[in-house]
Amino acid sequence: MYKLELKDVTHVYGARTPFEKTALRSVNIGFETGLVTGLIGHTGSGKSTLVQMMNGLIRPTKGTVLLDGKDIWEKPKEIRSVRFRVGLVMQYPEYQLFDETVGKDIGFALRNKGCSEETIKEKVTEAAERVGLSPAMLSKSPFDLSGGQRRRAAIAGVLVMDPEVLVLDEPAAGLDPRGRAEILGYLYRYRETKGATVILVSHSMEDMAQYCDRVAVMRDGEVYADGTTDEIFSDPDRLLGAGMDVPEVMKVALELKKRGIALEGRLYTVEGVRDAVLRSLGKGGAV
Ligand SMILES: Nc1ncnc2c1ncn2[C@@H]1O[C@H](COP(=O)(O)OP(=O)(O)OP(=O)(O)O)[C@@H](O)[C@H]1O
Ligand SMILES: [Mg+2]
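What counts and how
Residues numbered from 1 in each chain as written. Chains lettered and ligands numbered in written order. Predicted model: local features only at pLDDT ≥ 70, side-chain atom pairs only at ≥ 80, totals over all residues. Heavy atoms only, no water. Helix = DSSP H or I, 4+ residues; strand = E, 2+ residues; numbered from the N terminus. Buried < 20%, exposed > 50% of the residue type's maximum accessible area, 1.4 Å probe, protein only. Donors = N, O, S within 2.8 Å, 3.2 Å for Na, K, Ca; no water. Core = buried A, V, L, I, M, F, W, Y, C linked by side-chain atoms within 4.5 Å. Contact = heavy atoms within 4.5 Å. Near = heavy atom within 4 Å. Polar contact = N/O pair within 3.5 Å; in protein donor to acceptor, adjacent residues only side chain to side chain. Pairing = 2+ DSSP bridges. Axes fitted to C-alpha atoms, helices over the stretch in contact; angles between N-to-C directions. Parallel < 35°, antiparallel > 145°, perpendicular 65-115°, else oblique. 1 Å grid on protein atoms, 1.4 Å probe; cavity = no way out; pocket = protein on both sides within 12 Å on 5 of 7 lines; lining within 4 Å. Points joined across faces, edges and corners; volume = space filled by probe spheres on them. Nonpolar A, V, L, I, M, F, W, Y, C, P; charged D, E, K, R; others polar. Domains from an automatic or database assignment. Buried area = accessible area lost by both parts, 1.4 Å probe. Salt bridge = Lys/Arg side-chain N within 4 Å of Asp/Glu carboxyl O.

(A) Summary view of unusual backbone geometry. With a phi angle near 40°, Ser26 is a residue other than glycine that sits in the positive phi range. Mapped onto the fold, Ser26 is located in strand E2 (residues 21–31). For Ser26, a relative accessible area of 42% corresponds to the partly exposed category. Positive phi is not limited to glycine here, since Asp68 has a value of about 50°.

(B) Representation of the coordination of the magnesium ion (ligand 2) in the model. For the magnesium ion (ligand 2), every protein donor is listed as Ser48 (OG) and Gln91 (OE1), and the spread of their distances is 2.0 to 2.6 Å. Taken together, the residues span a long stretch of sequence, with Ser48 in helix H1 (residues 47–54) and Gln91 in the loop between strand E6 (86–89) and helix H3 (102–106) at a distance of 43 residues. Taking the relative accessible area as the measure of exposure, Gln91 reaches 36% and is therefore partly exposed.

(C) Spotlight on the nonpolar core. Judged by nonpolar contacts, the single largest core of 53 residues is most densely connected at Ile106, Leu166, Phe233 and Leu239. Of the residues forming this core, the biggest block, 6 residues, is contributed by helix H6 (residues 147–159). Excluding residues that lie within four positions of it along the chain, Leu239 makes contacts with Met205, Val217, Ile232, Phe233, Met244, Asp245 and Val246. Counting residues in each nonpolar core, the second largest holds 27 residues, with Val9, Leu50, Met53 and Val86 among its members.

(D) Region of interest: the site of ligand 1. The full set close to ligand 1 counts 13 residues, and Thr43, Gly44, Lys47, Ser48 and Thr49 are the nearest of them. One of the backbone N or O atoms of Gly44 is found 2.8 Å from an oxygen atom in ligand 1. At 2.5 Å from an oxygen atom of ligand 1 is found a side-chain nitrogen or oxygen belonging to Thr49. Residue assignment for the shell around ligand 1 shows that the elements contributing at least two residues are E2 and H1. Counting residues per element, the shell around ligand 1 draws most heavily on H1, at 3 residues.

(E) View of the sheet that holds strand E5 (residues 70–71). One open sheet holds the 4 strands; their spatial order is E2-E1-E4-E5, and the pairing between them is antiparallel. The outermost strands of the open sheet, each flanked by one partner alone, are E2 and E5. Inspection of the sheet shows strand E1 (residues 4–13) paired to strand E4 (residues 62–67) by 5 bridges, in the antiparallel sense. Counterpart to Lys7 in the pairing with E4 is Thr64. In the packing of H1 onto the sheet, contacts are made with E1, E2 and E4, and the angle to E1 comes to roughly 125°.

(F) A look at the packing of H6 against helix H7 (residues 177–194). Closest axis-to-axis distance for the H6/H7 pair is 12 Å, and the angle between their directions is 10°. One way to sum up the angle between H6 and H7 is to call them roughly parallel. Mapping the contact onto sequence places Arg151, Arg152, Ile155 and Leu159 in H6 and Glu182, Ile183, Tyr186, Leu187 and Tyr190 in H7.

(G) Spotlight on empty space enclosed by the protein. A full pass over the atoms with the stated rule returns 1 cavity of 30 Å³ or more. The space that makes up the largest cavity amounts to roughly 80 Å³. Lining the largest cavity are Val36, Leu168, Leu184, Leu187, Tyr188, Arg191, Val198, Leu200 and Tyr211. For the lining of the largest cavity, the elements supplying multiple residues, two or more each, are H7 and strand E8 (197–201). Its residues assigned to classes, the lining of the largest cavity shows 8 nonpolar, no polar and 1 charged.

(H) Region of interest: the domain arrangement of the protein chain. Assigned domains within the protein chain: domain 1 (4–229) and domain 2 (247–287). When each unit is reduced to the centre of its C-alpha atoms, the spacing between domain 1 and domain 2 is 34 Å. With 4 residues of domain 1 at the contact, the number on the domain 2 side is 4 residues. Both sides of the domain 1 and domain 2 interface together cover about 350 Å² of buried area, and 65% of this is carbon and sulfur. Three residues, Glu206, Ala209 and Thr229, lead the burial of domain 1 against domain 2; their summed loss comes to 83% of the area buried on that side. Viewed at the interface, domain 2 and domain 1 are joined by 0 salt bridges. The tally of links from domain 1 across to domain 2 stands at 1 residue pair in polar contact (both at pLDDT 80 or more).

(I) Examining the side chain of Lys3 more closely. In this structure, Lys3 sits in the segment before E1. Note on Lys3: relative accessible area 10%, which makes it buried. Those residues in contact with Lys3, other than ones at most four positions away along the chain, are Phe31, Glu32, Thr33, Leu66, Leu67, Asp68, Arg85, Glu164, Val165 and Thr197.

Now the structure itself:
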């Protein structure tokens, strides 16, 4: 059984208005416990709509969303409990910080849930640490933080709920390469320590190649391709044909292959290409 599954999900914005827009069309996709699944696709392909369905922020026009095999909309009044189990970090979440201090902001969901101040304090400190924010930051105003720190605080505000499923909509967008690697590294560790199921939306094929066990490619409101990372990158022509990109290092490998160099293996990561080149040169595998 999937941890989270979307069955035959369709979503129409502004139905029966001049602005009607079908954002998702009969989407079927499942997410396995403990795996990181990447969602990639052009702007407007439906990624954000899809992820907002996962925690019940958007209700599908048609179809069902199952969490541990149970329809999350079975009892609409209980949808709030789903939001604690499926943590969603929205696109540019730092704009949603509003509380007096960073600590209060991170603890907002727990306070709402009625946790004791002692539990809140403990969990907030732990969540801040998980994203590399020092305890000294917790008493500052969110507006005194840098953009990158604000992003971390917003992510901590979701991690603080210990979600079983963590859904991230472009968590590293707009950050410099070091900030990106740090944030994605923290999230990856959250998965490792909690055994959480992670869904990562990103525009970057490099992120898909580096962090994801599985990849789903969205196109015009449909799932265009869905498989293990190996499977998805084993057919680069399919990605390129659909106007998608492949990791930069894979382009180099494909160019070398075109020039007659026999390369085999995980040609979508730097290490994979390095090993393939060494094998091809007859030096035998890893350095
Ligand atoms: N609130 C809304 N009202 C009307 N149409 C919307 C709304 N939100 C999204 N859409 C439309 O639905 C489609 C899917 O949008 P969505 O935001 O899910 O795509 P996306 O893949 O997340 O794009 P991006 O990569 O730009 O974040 C787009 O055509 C978009 O214009
Ligand atoms: Mg989006």
